[in-house]
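Here is how the chains run, residue by residue.
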Amino acid sequence: MAKQYKLYLDVCCLNHPFDDWWQPRIRLEAEAVVAILDHCQTGDWLLVVSTALESEIAQTPETIRRQQVIDLLAAAKINMKVTPETIQRAGDLQKFGFKPFDALHIACAEAANVDVFLTTDDRLLRRASAHIDQLNVQGQNPLTWLMTTTTDLEGESK
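Residues numbered from 1 in each chain as written. Predicted model: local features only at pLDDT ≥ 70, side-chain atom pairs only at ≥ 80, totals over all residues. Heavy atoms only, no water.

1. Some remarks on helix α7 (residues 122–130)
Among all positions in α7, only L124, L125 and A128 are buried. All buried residues of α7 fall inside an arc of 100° around its axis, so they share one side. For α7, exposure combined with an orientation more than 90 degrees from the buried face picks out R123, R126, S129 and A130. Taken together, the buried residues of α7 touch α6 (100–111), β4 (116–118) and β5 (139–140). (Buried < 20%, exposed > 50% of the residue type's maximum accessible area, 1.4 Å probe, protein only. Helix = DSSP H or I, 4+ residues; strand = E, 2+ residues; numbered from the N terminus. Arc of directions from axis to C-beta. Contact = heavy atoms within 4.5 Å.)

2. A look at the packing of aromatic side chains
Counted under the stated rule, the structure contains four aromatic pairs. Geometrically, the ring pair formed by Y5 and W45 is edge-to-face, given 5.8 Å between the ring centres and 85° between the ring planes. Separated by 40 residues along the polypeptide, Y5 in the segment before β1 (6–9) and W45 in the loop between α2 (24–41) and β2 (46–50) bring together distant segments of the chain. Given a relative accessible area of 2%, W45 falls into the buried group. The interplanar angle of 85° and the centroid separation of 5.2 Å between the aromatic rings of Y5 and W145 together place this pair among those described as edge-to-face. Highlighted residues: Y5 in the segment before β1 and W145 in helix α8 (residues 142–156), separated in sequence by 140 residues. Overall, the relative accessible area of 13% leaves Y5 in the buried class. Through a chain of ring-to-ring contacts, the aromatic side chains of Y5, W45 and W145 assemble into a single cluster. (Phe/Tyr/Trp six-rings, centres within 6.5 Å; stacked < 30°, edge-to-face > 60°.)

3. Side note on the environment of D71
Note that D71 resides in helix α4 (residues 63–72). With 28 residues separating them along the chain, D71 and G43 place their C-alpha atoms 17 Å apart. A polar contact of 2.7 Å, which involves the side chain of D71, links it to the side chain of Q67. (Polar contact = N/O pair within 3.5 Å; in protein donor to acceptor, adjacent residues only side chain to side chain.)

4. Some details on the packing of helix α5 (residues 84–94) against α6
Taken N-terminus to C-terminus, the directions of α5 and α6 make an angle of 125°; their axes are 8 Å apart at the nearest point. By the angle between their axes, α5 is oblique relative to α6. You can see that α5 and α6 cross each other, and the crossing is right-handed. Across the interface between the two elements, T86, I87, R89, A90, L93 and Q94 of α5 pack against P100, A103, L104, I106, A107, C108, E110 and A111 of α6. Its residues assigned to classes, the contact of α5 with α6 comprises 10 nonpolar, two polar and two charged. (Axes fitted to C-alpha atoms, helices over the stretch in contact; angles between N-to-C directions. Parallel < 35°, antiparallel > 145°, perpendicular 65-115°, else oblique. Left-handed = near helix turned anticlockwise from the far one by under 90°. Nonpolar A, V, L, I, M, F, W, Y, C, P; charged D, E, K, R; others polar.)

5. Some words on the pairing of β1
Looking along a regular strand, one sees side chains alternate from face to face of the sheet. Direction of pairing for β1 relative to β2: parallel, over a ladder of three bridges. Each bridged residue has a counterpart across the sheet, and for Y8 the counterpart in β2 is V48. The sheet contact formed by β1 and β4 spans three bridges and is parallel. Counted as the bridge partner of L9 is L118 from β4. (Pairing = 2+ DSSP bridges.)

Written out as structure tokens, the structure is:
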């Protein structure tokens, strides 16, 4: 039986399916996000969301885009509430240069004990990589993670 991954996708990831797909990278990453969400929808993997995600998505100025992204959260099986502990942890992460919402998302992902924190934000990924020893979750690009994971799963089934 394949591993049931527990995943946290940040707002950049959740927006990608609705971005303009004319750029090859955006298209590939968006398709990866859609495939990941499909696995979450069918129950193969667990999508973790948080009140921090809901709060950041609520700031989306476009009404239609905001609703489309909110609709993706329906696939979630776990909704982490922001607690004083996650706020404290986010404050600690901001000392490493993480932006406030990024730090809060990482703190929520850590609190949920997810297998991977997915983002398409290159700056966030570089910062997470530079501070990997201070994080309790691994940050990855959804396309890279999906390709590695599905390759590993195919190897297990042979």
